[in-house]
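Notes for the structure review
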Number of protein chains: 4
Amino acid sequence: MKAVFLKRPGELETRDIPEPECGPDMVKVRIKEVGLCGSDVHYFNHGRVGKNVVVSPHILGHESSGIVTETGKKVRGLQVGHRVSIEPGVPCRACKECLTGYYNLCKQVVFMGAPPNPGTFREYVVHDPLFVHTIPDTVTFTQGALVEPLSVAYNVFSNLPGAAGGTILIIGAGPIGLAGVEMAMALGVGRLLTADVDPRRLEKARELGADRVFNPAGKEFETLVEDIPELEDVDHVIEASGSEAGIRLAINAAGRKGKLALVGMGSDEISIPYMPIIRKEIRLFGTYRYANAYPSVIRLLTHGNVKGEPWVTHRFSLDDLDKGFAAANDKQSFALKIMIEL
Amino acid sequence: MKAVFLKRPGELETRDIPEPECGPDMVKVRIKEVGLCGSDVHYFNHGRVGKNVVVSPHILGHESSGIVTETGKKVRGLQVGHRVSIEPGVPCRACKECLTGYYNLCKQVVFMGAPPNPGTFREYVVHDPLFVHTIPDTVTFTQGALVEPLSVAYNVFSNLPGAAGGTILIIGAGPIGLAGVEMAMALGVGRLLTADVDPRRLEKARELGADRVFNPAGKEFETLVEDIPELEDVDHVIEASGSEAGIRLAINAAGRKGKLALVGMGSDEISIPYMPIIRKEIRLFGTYRYANAYPSVIRLLTHGNVKGEPWVTHRFSLDDLDKGFAAANDKQSFALKIMIEL
Amino acid sequence: MKAVFLKRPGELETRDIPEPECGPDMVKVRIKEVGLCGSDVHYFNHGRVGKNVVVSPHILGHESSGIVTETGKKVRGLQVGHRVSIEPGVPCRACKECLTGYYNLCKQVVFMGAPPNPGTFREYVVHDPLFVHTIPDTVTFTQGALVEPLSVAYNVFSNLPGAAGGTILIIGAGPIGLAGVEMAMALGVGRLLTADVDPRRLEKARELGADRVFNPAGKEFETLVEDIPELEDVDHVIEASGSEAGIRLAINAAGRKGKLALVGMGSDEISIPYMPIIRKEIRLFGTYRYANAYPSVIRLLTHGNVKGEPWVTHRFSLDDLDKGFAAANDKQSFALKIMIEL
Amino acid sequence: MKAVFLKRPGELETRDIPEPECGPDMVKVRIKEVGLCGSDVHYFNHGRVGKNVVVSPHILGHESSGIVTETGKKVRGLQVGHRVSIEPGVPCRACKECLTGYYNLCKQVVFMGAPPNPGTFREYVVHDPLFVHTIPDTVTFTQGALVEPLSVAYNVFSNLPGAAGGTILIIGAGPIGLAGVEMAMALGVGRLLTADVDPRRLEKARELGADRVFNPAGKEFETLVEDIPELEDVDHVIEASGSEAGIRLAINAAGRKGKLALVGMGSDEISIPYMPIIRKEIRLFGTYRYANAYPSVIRLLTHGNVKGEPWVTHRFSLDDLDKGFAAANDKQSFALKIMIEL
């Protein structure tokens, strides 16, 4: 089968390798579509994300959908021909985190595409059927792949109970921020504000339903509030930029007893205003990947509450994966979500 | 001003009475629309609801919108001309329930239309401005009045955190059940089932977005499950019928760790299957009226997530209030929500 | 090794059987103490509990402590000589309930002593090390066995967040109710009321710290309130009797927004007052066994917050297991918790 | 009556002023004991706390108990002679925060002793009876005054549901940290670690029940973990130092899905490690004063779960209030809690 490897930062190589064997407890899936994630691009450019270093050659990719082509003897439920969305992280199911339902925090998780685990930029994968979820015919393979970033957003809202009818501020309108915009719209936002420094992203947020969008760059919080008074008492803030400026805005905008979800990957050290957290009794929730989210997100896609597809800006075949990375790195091209088709 | 009184069960009388005085802490509102609630009809027919007995003559009505015509000297925020939705219950703000945020459970609440407190089937009311909420021009007076039943549904969902993306079963598709259908759609239901014994109500539920509707009358739970397998593992059940059969269905359908909101007014005594509550660790939540819901519901109406108006089936002027009650009592007319216009 | 079998209701037989083999993923434990649970007695007397029927011969027992005597090759953490408490239920770790942290609700759970799974009235067991928990030297083997019923009580309180400083009513002062009394004392009860029909149990509840105990038998709720005014506004109710009378008392005593945990095994059908659940917005929580409770309960025992041993009233050797069941069935003997020693 | 005023930083003056008038909705209380709070000392030394500046002359003091000496005509419940604990903050009961049960976050709160509102270093105060709580004879006036700092700790734990049986780390063992130690012991801590830079405070924490105390000054987190392995996976962290070093330790020590309550007043800006919040999904809760805590804390004192008195190290009469401040400022004297008696 065909697989695309990262040989060294910036350099891909397509190889023909044997198909993986499907064990008795596993299923084999023919990959149909894979979304390009920011972390894929970071690995492609730098060969690492934080302490995770690529040991080349390595297969990237983890936002995937496909069709089941083989099922192990012991597998029930899944059948050959099933259209599926693949949840990329397989946890140990034996640690404290797994036993308490937070398997996204499992230290032994095997996460596709994160070194040293091979990802899905290849024709076939073998995966644990517990983490292979069927999708109905009305959900496209693109949507099936986008269940992954939508699940990140779903996990954010799982940490923000009571968001319905409230004011929500989303900071950062990249793919995760826009997944948050879609999720907010689906989950009953009362009023939705979105901040980003890129006007094209703000335009997209507005298309998806944001009531008010703004560029906070270089402005004091007090100046922003003069313009947008509701910024002073936001019920729920989703920080998806990972930048210090974004986090500072988040803390300033959160209202009394406001909830603030942190989802943006950022720098190791940040400087924040401290006393507002105390005086407003702000509740901050770190959020990381997702657990038990895929079935719910697939139902939301099925029911039509979220769509995912409006953020797709580019499509390439697996053979043109390098063009996908190029588009992602080209500031002019305004790539939001790039899909790779097999 | 004109006011319509209930003289005795079944008999109304329109009288001309003095307008109420607006104290320094109060606002006066010219009523524009009032929805007819099931409790109004019950008072009209029987002169009582449970232990609450009408001391005639009495003014009914509590789902109301209007325009501010006068504001007391000490009042800030509200101004003459503001279009408003009136929250009918004014709690004491001094008891344990009020201080902890559950003012819907206040024992001293003064609730419009519930004897002996006069309701809103009259041209003017004077009300505490804390419970008079402005609505934007894009929200109609009909919607402004329907904030009340929508708030009942909003309160139900406030007791069901984590409903987004899940399977929801709503039992009983009268006005509160249908408000629940709308709210479920707005708040991100994954799959929505609705049960009722009246096919017209089921049809309306389907129009509003229910994925599957069914009439459970006279069927064993096992029979229902054969037909609708997902009935066996419902994440969230909203029991809005108040009937023993409905509550039994709710307990049987709730999945493991399922949440079950009880909102339907029912009989004093019911017989229920007990062990499923234990074995499935079902969580049951009694829900009663609402607290702090109006601002959120008005935002949802403003944002367009909920509409309310699709359930309005009849409209009458205040002079024809008796026709409104007649329509409510006429099984042939299929009255869902009857609006009284002033 | 020695094992005691239930041949038919009321008849035990001690046999010599081979020790179980310890697989590479398992540990072997030499049993030291086993508590007699109400369900053991029920199986002994009737040969069944609900739909669970004993297929004789069967080994009962599931509240157990012991010493590790062998560890499989792949096992880490546990070592020969470790003193341990055995969590009897081994869930599938693959279903929705397991993946979301509620493994107590797993439909595939293999629970020791529940037919057809052999229990711990024998010298050696082989068990999944994930469910074998070390105890420090300061925790006795008796306490190690009592982690099981204490975990049931711990699970009850996990469903009653915010119990600290509140009024708690515990209905039913058998072993689970008394575990609740101990747990309430450890977890910061503000005022503790206990109801039972047996004065000896009430005396024990008082010894363990209950502020007020009473026998509700044959009294109207109004009469009880005259005597004990705080019964009218209880923050948290734990229903451990499983009786209809107990559940009715629970619903009447729960205050507005009160929480009510149902833990007592009871009849299939009960008749309850319905409207108080709505009007007071009572929250009812079915509770069943426990998940992720053992480590916390062992820490509470280690820290000295709970003791368990005060409810032990009788001790027998495994050879005298029949005497244990006889004591349990003898109303005169006031058996609260009977320990079997090996 | 006698009252002690702060004339300028560091200078007190006792004056004879008229007793306050008791209005029809108010009660008059003869003050018996007042605890010296860190904020009192800060006002005494610097004439301000943050933006709150003393307009001299000003009466400090807000941790108070006393005896009711007069009740307004409309007051029910409270009677002359009642021993009481005074909750110092009187909120507006009309804003969003008040109506939702978070009156501690009311922007219009009138808080005794915080400029410009006079405090309780005087013989009589007139107060809103909703915030005057009776205490039983078994609760001392000292304890009645200490309900205030204990309520701060109670509010912290209200933001940490599920703390029972877990590992808790308290950072900072001043009066609030020690109130946290007492509260942790009362509420069922599984294992309690306490960090402070003052060995005398650590000794006191140990006396109150901390399992392990340590001085983190100048040590890398990795070094601390070598010594105290459980520091790497703490379930609940209470940061009561307000220092950047303390907050950094808190974030490092919090385990996956760990909860971290921030209660220490600190500097406006702090630098924190950011990515651990995301990767461990830490939940941070700002906590500020308390709401609806007094009744629960008084019950805990009545029931004997918390005591408060062990942290009292000094006592002075109101005439010697200057000696109280001197003791508070004297590092040699190891003043933990200084009580002023009237």
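Not measured: the values here are computed from a predicted model. (Residues numbered from 1 in each chain as written. Chains lettered and ligands numbered in written order. Predicted model: local features only at pLDDT ≥ 70, side-chain atom pairs only at ≥ 80, totals over all residues. Heavy atoms only, no water.)

1. Focus on the overall build of chain A
Test applied: Helix numbering and strand numbering both begin at the N terminus, where a helix is a DSSP run of H or I of at least 4 residues and a strand a DSSP run of E of at least 2. The globule rule used for comparison is 2.2 Å times the number of residues to the exponent 0.38, while the radius of gyration itself is calculated over C-alpha atoms. Each residue is assigned to one of three classes by its accessible area relative to the maximum for its type, calculated with a 1.4 Å probe on protein chains only: buried under 20%, partly exposed between the two thresholds, exposed over 50%. We call two residues contacting when some pair of their heavy atoms lies within 4.5 Å. His is not counted, nor are the chain ends; Lys and Arg add positive charge and Asp and Glu add negative charge. Note on charges: their place is set at NZ of Lys, CZ of Arg, CG of Asp or CD of Glu.
Helix and strand content of chain A: 10 helices and 20 strands. In terms of overall dimensions, chain A is globule-like: its C-alpha atoms have a radius of gyration of 20 Å, near the 20 Å expected for 342 residues. Oriented by its inertia axes, the alpha-carbon framework of chain A measures out at about 60 × 40 × 35 Å. Within chain A, the proportion of its 342 residues that are buried is 60%. Across chain A, every contact between residues at least 6 apart in sequence was considered, and the portion connecting residues at least 24 apart equals 69%. Looking at charge distribution, chain A has the averaged site of its 38 positive side-chain charges lying 4 Å from that of its 41 negative ones.

2. Things to note about the relation of the copies chain D and chain A
Where we set the bar: Copies are brought into register by a least-squares superposition over C-alpha atoms of residues with pLDDT of at least 70 in both.
Overlaying chain D on chain A yields an RMSD of 0.0 Å, the required transformation being a rotation through 180° with an accompanying axial translation of 0.0 Å. The superposition of one copy onto the other is thereby described by a two-fold rotation axis. Within chain D, the C-alpha atom positioned nearest to the axis of rotation is that of S271 of chain D, 2.1 Å from it. A symmetric contact is evident, with 100% of the interface residues of chain D recurring at the interface of chain A.

3. A short note on the interface of chain C and chain B
Spelled out, the test is: The buried area of a pairing is the accessible area, by a 1.4 Å probe, that goes missing from both parts when the two are put together, added over both. The term salt bridge refers to a pairing of a side-chain nitrogen on Lys or Arg with a carboxyl oxygen on Asp or Glu at a separation within 4 Å. Counted as a polar contact is a pair of N or O atoms within 3.5 Å, where, for protein atoms, one must be capable of donating a hydrogen and the other of accepting one, and residues adjacent in sequence contribute only when both atoms are in side chains. Only Asp, Glu, Lys and Arg are considered charged, only Ala, Val, Leu, Ile, Met, Phe, Trp, Tyr, Cys and Pro nonpolar, and every remaining residue, Gly among them, polar.
Listed per partner, the contact involves 43 residues of chain C and 43 residues of chain B. At the boundary of chain C with chain B, total buried surface from both sides reaches about 3,700 Å², with 52% on carbon and sulfur atoms. Together, R256, Y274 and E281 of chain C form the three largest contributors to the area buried by chain C at its contact with chain B, with a combined 19%. Summed over the shared surface of chain C and chain B, the number is six salt bridges. One salt bridge in this structure joins D235 of chain C and K96 of chain B, with 3.4 Å as the shortest N-O distance. On the surface where chain C and chain B come into contact, there are 27 residue pairs in polar contact (both at pLDDT 80 or more). Mapped by element, the contributors of at least two residues to the side of chain C that touches chain B are α2 (96-99), β15 (234-239), α7 (244-253), β16 (254-262), β17 (269-273), α8 (275-279) and β18 (283-286) of chain C. For the side of chain C that touches chain B, the element with the most residues is β17 of chain C, which contributes five residues. Residue composition of the side of chain C that touches chain B, by class: 18 nonpolar, 10 polar and 15 charged.

4. Digging into the relation of the copies chain C and chain B
In the superposition of chain C on chain B (RMSD 0.0 Å, axial shift 0.0 Å), the rotation amounts to 180°. Take the interface residues of chain C: 100% of them recur as interface residues in chain B, which is what a same-surface contact looks like.

5. Considering the pattern of salt bridges
Evaluation of the coordinates by the stated rule reveals 91 salt bridges over all chains. Note that E13 of chain C is salt-bridged to R15 of chain C, the shortest N-O span being 2.7 Å. When its relative accessible area of 27% is taken as the criterion, E13 of chain C is described as partly exposed. As a salt-bridge pair, E11 of chain D and K7 of chain D come within 4.0 Å of each other at their nearest N and O atoms.

6. Brief notes about the sheet that holds strand β15 (residues 234-239) of chain D
Let me state the cut-off plainly: Paired strands are those between which DSSP finds at least two bridges. What counts as an axis is a line fitted to C-alpha atoms, over the stretch in contact for a helix, and the angles between N-to-C directions run from 0 to 180 degrees.
The 12 strands are arranged β14(A)-β13(A)-β12(A)-β15(A)-β16(A)-β18(A)-β18(D)-β16(D)-β15(D)-β12(D)-β13(D)-β14(D) in an open sheet whose pairing can be described as mixed. For this open sheet the edge positions go to β14 (212-214) of chain A together with β14 (212-214) of chain D, each flanked by a neighbour on one side alone. On average, each strand axis in the sheet is inclined to that of its neighbour by 15°, with strand direction left out of account. Note that strand β13 (residues 191-195) of chain D and β14 of chain D share three bridges and pair parallel. If you follow T194 of chain D over to β14 of chain D, its bridge partner there is V213 of chain D.

7. What about the domain arrangement of chain A?
Residue and element names in this part refer to chain A. Stated formally: In this document the domain limits rely on a domain assignment from an automatic tool or a database.
Taken domain by domain, chain A holds domain 1 (2-151 + 290-341) and domain 2 (160-286). In this structure, domain 1 and domain 2 have C-alpha centres spaced 28 Å apart. Taken residue by residue, the interface counts 14 residues in domain 1 and 15 residues in domain 2. When the buried area of domain 1 at its contact with domain 2 is split by residue, W311, F334 and L336 rank highest and sum to 47% of it. At the boundary of domain 1 with domain 2, the tally comes to zero salt bridges.

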